[in-house]
Amino acid sequence: MSLHQELTDVQHCLDDLVRTVERLERILARLREADTADGAGAPDHRAGMVTINDAPYDATLWTDSDDEGLGVRGRHAP
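Please read these numbers as outputs of a predicted model, since none were measured by experiment.

Caption draft 1: Molecular detail of the overall build of the protein chain. Within the protein chain one finds one helix and two strands. Seen in sequence order, the protein chain has helices and strands lined up from the N terminus as α-β-β. Counting over 78 residues, the protein chain shows a buried share of 1%. Total accessible area on the protein chain stands at roughly 7,800 Å², and carbon and sulfur atoms take up 57% of it.

Put into structure tokens, the structure is as follows:
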């Protein structure tokens, strides 16, 4: 395959990529408009997100646990 043909193929691929990205941007804009029109706005909690409480953890949860790389509390390394 000649260099000219390879460059032409690359240009066609780039053109296809640009068209695909533009199409996805239009679809995303329509989805955002639909969400705004429905009054949904930005959700308070996104799916899959977990709220972590600022209160200290219960120390009994860590009884008999290993400190990463240090071994079990109260024991000396061999």
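On we go from here.
Caption draft 2: The arrangement of a nonpolar patch on the surface in detail. Residues Val50, Ile52, Tyr57, Leu61 and Trp62 make up a contiguous nonpolar surface patch of roughly 640 Å² in combined accessible area. The topology assignment puts Ile52 in the loop between helix H1 (3–37) and strand S1 (66–67). Here Ile52 falls in the exposed class, since its relative accessible area comes to 62%.

Caption draft 3: Fine view of the pattern of salt bridges. Summed over all chains, the structure comprises one salt bridge. Across the pair Arg19 and Asp16 runs a salt bridge whose closest N-O atoms are separated by 2.2 Å. Of the two residues, Arg19 and Asp16 are both situated in helix H1; the distance of three residues between them amounts to about one turn of the helix. Taking relative accessible area as the criterion, Arg19 reaches 48% and is therefore assigned partly exposed.

Caption draft 4: Structural context of the confidence of the model for the protein chain. Averaged over every residue, the pLDDT of the protein chain is 80; the share at 70 or more is 69%. The least confident element of the protein chain, judged by mean pLDDT, is strand S2 (residues 71–72) at 60; the most confident is H1 at 93.

Conventions and cut-offs
Along each chain, residues carry numbers from 1 onward, in the same order as the chain's sequence is written. This being a predicted model, a pLDDT of at least 70 is required before a residue's local features are given, and a value of 80 or more before pairs of side-chain atoms are given or counted; all residues contribute to the totals for chains, interfaces and linings. Only heavy atoms go into the side-chain values, all of them from the structure, while hydrogens and water stay out. Think of it this way: any DSSP run of H or I at least four residues long counts as a helix, any run of E at least two long counts as a strand, and we number them from the N terminus. For each residue, the accessible area found with a 1.4 Å probe, counting protein chains only, is set against the maximum for its type, and the residue is called buried under 20%, exposed over 50%, and partly exposed in between. Note on areas: these come from Shrake-Rupley sampling with a 1.4 Å probe, and a residue is covered only by the protein chains present in the view. Each patch is built from residues lacking any salt bridge and having more than 30% relative accessible area; the joining distance is 9 Å for like charges and 5 Å for nonpolar side chains (Val, Leu, Ile, Met, Phe, Trp, Tyr). Whenever a carboxyl oxygen of Asp or Glu lies within 4 Å of a side-chain nitrogen of Lys or Arg, that contact is scored as a salt bridge. Across the chain, each position has a pLDDT score giving the predictor's confidence in that residue, from 0 to 100.

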